[in-house]
Amino acid sequence: MVARWLVFMALSLSCLVSWANEPNDVVLIAHPNVRVETLSRDTARAIFAMRQRTWPNGQSASVFVLPEDHPVHARFSKSLLNVYPHQLRLAWDRVVFSGTGQAPNVVMSQPDMIKHVASTPGGLGYIERGYLDDSVNVIPLVN
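What counts as what
- Residues numbered from 1 in each chain as written.
- Predicted model: local features only at pLDDT ≥ 70, side-chain atom pairs only at ≥ 80, totals over all residues.
- Heavy atoms only, no water.
- Core = buried A, V, L, I, M, F, W, Y, C linked by side-chain atoms within 4.5 Å.
- Buried < 20%, exposed > 50% of the residue type's maximum accessible area, 1.4 Å probe, protein only.
- Helix = DSSP H or I, 4+ residues; strand = E, 2+ residues; numbered from the N terminus.
- Contact = heavy atoms within 4.5 Å.
- Pairing = 2+ DSSP bridges.

(A) Representation of the nonpolar core. In terms of nonpolar packing, the biggest core is built from 37 residues, with Ile29, Leu39, Phe48, Trp55, Phe76, Met113 and Tyr126 touching the most fellow members. Going through the elements one at a time, strand 1 (26-30), helix 2 (41-48), strand 3 (62-65), helix 3 (71-81), helix 4 (85-98), helix 5 (110-119) and strand 5 (123-128) are the ones with two or more residues in this core. Top contributing element to this core by residue count: strand 1, with five residues. Non-local contacts of Ile29, meaning those with residues more than four positions away in its chain, are made with Met113, Ile114, Val117, Gly123, Leu124, Gly125, Tyr126, Ile127, Leu132, Val136 and Asn137.

Following this line, the structure appears as structure tokens:
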């Protein structure tokens, strides 16, 4: 009985580990000069909503996003930030129309996202894990 339970637990953990590292999982990426190990979900939400313009260490943040109708943008918004894409749009419109900020930089594809984040100090964006390369760092989100 104990052996079955151990096998079940081992299989469950291996499924979780493989699920957590699926190539189509969306991950937060940053320019290599960003010296932040993790980011809270609330801070990420504030940065992507353009309410916070700096990383937690004070470094200026340059935000890149995919177009609103891109499926990865929707998955990023819902699964990583816990907001709907239209809520981000409302936040962007609010800072632009109030004159207190600007909308994030829109890139057309995930390879473009990597290129822009990697070449912009303080750059922040998101891609599917399968697109990762050594030119950017992954920033894990914590609650």
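Having put the structure on the table, let's press on.
(B) Geometry of the pairing of strand 3. Pairing of strand 3 with strand 5, which is carried by two bridges, proceeds in the parallel orientation. If you follow Val63 over to strand 5, its bridge partner there is Leu124. Two elements, strand 3 and strand 4 (residues 105-106), share two bridges in a ladder whose sense is parallel. Its bridge partner lying in strand 4, Phe64 is registered against Asn105.

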